[in-house]
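Spelled out, the chains give:
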Amino acid sequence: MPIKWVLHWQPNPGTTVNTQILTEVSQCAEGINGVKEGRWKATLSFYKPMVREQANASEFPRDFLGISLQEQPNKYYFVIRGQRLIVEAESTIQTIMEKLQSYKTRVALNFEGFQYQLGDFQLRVGKVVPIHSENLRGIVMEMEYLPISSWEKSHQIMGEFFDIWREALSKRSLPGHFVHIEPNFAEYGLLDEYSSQHTAAQYASIMAQMIATAQSQSAQAARN
Amino acid sequence: MECVVQGIIETQHVEALEILLQGLCGVHRERLRIHELCLKSGPNLGLVASEVRLLCDLEQSEPTWTVRQVGSAMKGAGAEQISVLVRTAVESKMSKNALRLFYALGYKLDHELLRVGFAFHFQRGAQITVTVSSINKMLKLHSTDEAVPVTPGIQLVEVTALASSENYSEVVAAVSSFCEYLAPLLHLSKPGVSTGVVPTAAAAAASLMSDGGGATL
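Residues numbered from 1 in each chain as written. Chains lettered and ligands numbered in written order. Predicted model: local features only at pLDDT ≥ 70, side-chain atom pairs only at ≥ 80, totals over all residues. Heavy atoms only, no water.

Asks: If you had to explain the overall build of chain B to someone new, which residues and values would you point to?
Replies: A tally of helices and strands in chain B yields five helices and nine strands. Computed over the C-alpha atoms, the radius of gyration of chain B is 18 Å, within 12% of the 17 Å expected from 2.2 N^0.38 for a compact globule of 217 residues. When its C-alpha atoms are laid out on the principal axes, chain B stretches across 55 × 45 × 30 Å. Looking at chain B alone, contacts between residues at least 24 apart form 66% of all its contacts between residues at least 6 apart. (Helix = DSSP H or I, 4+ residues; strand = E, 2+ residues; numbered from the N terminus. Rg over C-alpha atoms; globule rule 2.2 N^0.38 Å. Contact = heavy atoms within 4.5 Å.)

Asks: Give me the overall build of chain A: which residues, what numbers.
Replies: In terms of helices and strands, chain A carries four helices and nine strands. Ordered by position from N to C terminus, the α and β elements of chain A give β-α-β-β-β-β-α-β-β-β-α-β-α. Principal-axis analysis of the C-alpha atoms places the extent of chain A at approximately 55 × 45 × 30 Å. Taken across its 224 residues, chain A has 50% of its residues classed as buried. A fraction of 66% describes how many contacts in chain A between residues 6 or more apart in sequence connect residues 24 or more apart. (Buried < 20%, exposed > 50% of the residue type's maximum accessible area, 1.4 Å probe, protein only.)

Asks: Describe the interface of chain A and chain B, with residues and values.
Replies: Each partner contributes to the interface: chain A provides 30 residues, whereas chain B provides 28 residues. A buried area of about 2,500 Å², summed over both sides, lies between chain A and chain B, and 61% of it is on carbon and sulfur atoms. Interface area lost by chain A to chain B is led by Arg52, Ile96 and Leu100 of chain A, which between them contribute 27%. Our count for the contact surface shared by chain A and chain B stands at 15 residue pairs in polar contact (both at pLDDT 80 or more). For the side of chain A that touches chain B, the secondary structure elements donating two or more residues are strand 4 (75-80), strand 5 (85-90) and helix 2 (93-100) of chain A. For the side of chain A that touches chain B, a count of residues per class yields 17 nonpolar, six polar and seven charged. (Buried area = accessible area lost by both parts, 1.4 Å probe. Polar contact = N/O pair within 3.5 Å; in protein donor to acceptor, adjacent residues only side chain to side chain. Nonpolar A, V, L, I, M, F, W, Y, C, P; charged D, E, K, R; others polar.)

Asks: Summarise the environment of Val128 of chain A; cite the residues concerned and give the values.
Replies: All names here are of chain A. Within the secondary structure, Val128 is located in strand 7 (residues 121-130). Judged by relative accessible area, which is 0%, Val128 ranks as buried. Residues Val128 and Ile139 lie 11 residues apart in sequence; the distance between their C-alpha atoms is 5.7 Å. Discounting residues that sit within four places of it in the chain, Val128 has contacts with Leu109, Asn110, Phe111, Asn135, Leu136, Arg137, Gly138, Ile139, Val140 and Met210.

Asks: Tell me about the side chain of Gln69 of chain B, and name the residues and values.
Replies: As for its position among the elements, Gln69 of chain B is in strand 4 (residues 64-73). What makes Gln69 of chain B buried here is its relative accessible area of 8%. Apart from the residues lying within four places of it in its own chain, the contact partners of Gln69 of chain B are Ile96, Lys99 and Leu100 of chain A together with Glu51, Val52, Thr88, Ala89 and Val90 of chain B.

Asks: A description of helix 1 (residues 19-31) of chain A should follow, citing residues and the corresponding values.
Replies: All names here are of chain A. With 13 residues, helix 1 should reach 18 Å at 1.5 Å per residue; the first-to-last C-alpha distance of 18 Å fits that figure. Regarding helix 1, the residues found buried are Ile21, Leu22, Glu24, Val25, Ser26, Cys28 and Ala29. Residues of helix 1 that are buried sit in contact with strand 1 (3-11), strand 6 (103-118), strand 7, strand 8 (138-145), helix 3 (151-170) and strand 9 (176-180). Asn33, located one to two residues past helix 1, shows a positive phi value of around 70°. (Expected span 1.5 Å × (residues − 1).)

Asks: Requested: an account of the nonpolar core, with residues and values cited.
Replies: Phe111, Leu123, Met143, Trp165, Phe178 and Tyr203 of chain A are the most contacted members of the largest nonpolar core, which totals 56 residues. Residues in contact with Tyr203 of chain A, not counting those within four places in the same chain, are Val6, Trp40, Ala42, Leu44, Ile67, Leu69, Phe111, Val140 and Glu142 of chain A. Val14, Leu21, Cys179 and Ala205 of chain B belong to the second largest nonpolar core, which has 36 residues in total. (Core = buried A, V, L, I, M, F, W, Y, C linked by side-chain atoms within 4.5 Å.)

Asks: Mind laying out the packing of aromatic side chains, listing which residues take part and the relevant values?
Replies: Summed over all chains, the structure comprises 16 aromatic pairs over all chains. Measuring from centroid to centroid gives 5.9 Å for Phe118 of chain B and Phe120 of chain B, while their planes differ by 85°, and the two rings are edge-to-face. With respect to class, Phe118 of chain B is no different from Phe120 of chain B; both count as buried. If you follow Arg39 of chain A out to its NZ or CZ, it ends over the ring of Phe114 of chain A, 4.6 Å from the centre. (Phe/Tyr/Trp six-rings, centres within 6.5 Å; stacked < 30°, edge-to-face > 60°. Lys NZ or Arg CZ within 6 Å of the ring centre and 35° of its normal.)

Asks: Go over the pairing of strand 6 of chain A, please, and point to the residues and values.
Replies: All names here are of chain A. Relative to strand 6, strand 2 (residues 35-49) runs antiparallel, the two being bridged by 14 bridges. The partner of Thr43 across the bridge, within strand 6, is Asn110. By the bridge criterion, 10 bridges tie strand 6 to strand 7 in an arrangement that is antiparallel. Paired with Phe114 across the bridge in strand 7 is Val125. The hairpin turn running from strand 6 into strand 7, its antiparallel successor, is two residues long, and Gly119 in that turn takes a positive phi close to 60°. (Pairing = 2+ DSSP bridges.)

Asks: Give a detailed account of the pairing of strand 7 of chain A, specifying residues and quantitative values.
Replies: Residue and element names in this part refer to chain A. Of all 10 residues in strand 7, 10 are buried; the element is thus mostly enclosed. Relative to strand 8, strand 7 runs antiparallel, the two being bridged by eight bridges. In the sheet register, Lys127 faces strand 8, and the bridge partner there is Ile139.

Asks: Which residues make up unusual backbone geometry, and what values go with them?
Replies: Residue and element names in this part refer to chain A. Positive phi is not limited to glycine here, since His132 has a value of about 65°. Positionally, His132 belongs in the loop between strand 7 and strand 8. The backbone phi angle of Ser173 is positive, close to 45°, even though this residue is not glycine. Take Ser173: it is sitting in the loop between helix 3 and strand 9.

In short, the description is geometric, and any link to function would need to be established separately.
What follows is the structure in structure tokens.
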């Protein structure tokens, strides 16, 4: 399948994300001749263990995620980032998880927005909001290159496209920038040939990064 | 949901059963070799104890993994009157690191076994699966190549059919009527209700073997 980068918006220190930034980013995608094609959506859930004695919660993973992706509507992905573990399952696994009553959803986030076509590239720009809420928590972007499915081989062209994108966006002087973090796929046992498991790994990475940013900002706010 | 009945048969009569099933179903048997791992939640995990089964299909060139969760059986007077167990069951195919995931989540291996035999999948009033298998235990952890039968000379027969809350009574009827055809060779009942081998099995098997299973229904 085509490779993609999943990027997130890193606000400048002291600033936060807002819908104006999202609007400008979307306008920028259209400004470089991106053709708006339709909506896209991904959902990410944080699970927490249901324990009988709270004191023992530490023996269970704290970073257990479930991810559903539009590109694989009948699949569901589990990621335990701390253990570099990605598991692909059919979406019925969600029913099994509910029936087991051993883990429950702590927070669920929607990643949703619009898709733009630019030649062989597809851009998906979207907001990160908790389910049942419109409270903007972040901005995310998928950058997909249709002709190539090798992570290694796509690196140069993706880097070049990202430079063009950054340059176009810089004209708008927004208080932040998109960051690309490349998970070490080999640690997850993933090969060079791109798969939806690679996408899941990238979502887990940007999520960890967004949480870290939010935590450092709130720590900073507390100090001020 | 699924409807299920089980029974046992002596290994010496399995060939006759296969001939009968072949005649009844009109399809060819599939070989069955499944490594089944039963996992239970650790002592502190979950509001209630829970259990899942990981099934590794060793017949495939690249083994495939499925997780299966079986819920409680349907209860009530109606459920008691029927001879078929109706229960919820959910399955999901998973990538091959499924076991690692459940260990990471706090599940422990309770026991494992290897089912070796054959299965028939066919449509007869419902989508029915019949499996005939010997249950084997491993002498060493995960050593499926060194498995030995738990009950030598006896094989397990299981008849299952997928159902929904709307159509389960028709599926129960389809399963029950199918089981009647097998009655001379074995008795099928709800899991956990052991009925043993049937006395007519030897004679029925001899008859099936002599006429080559040409009986048509």
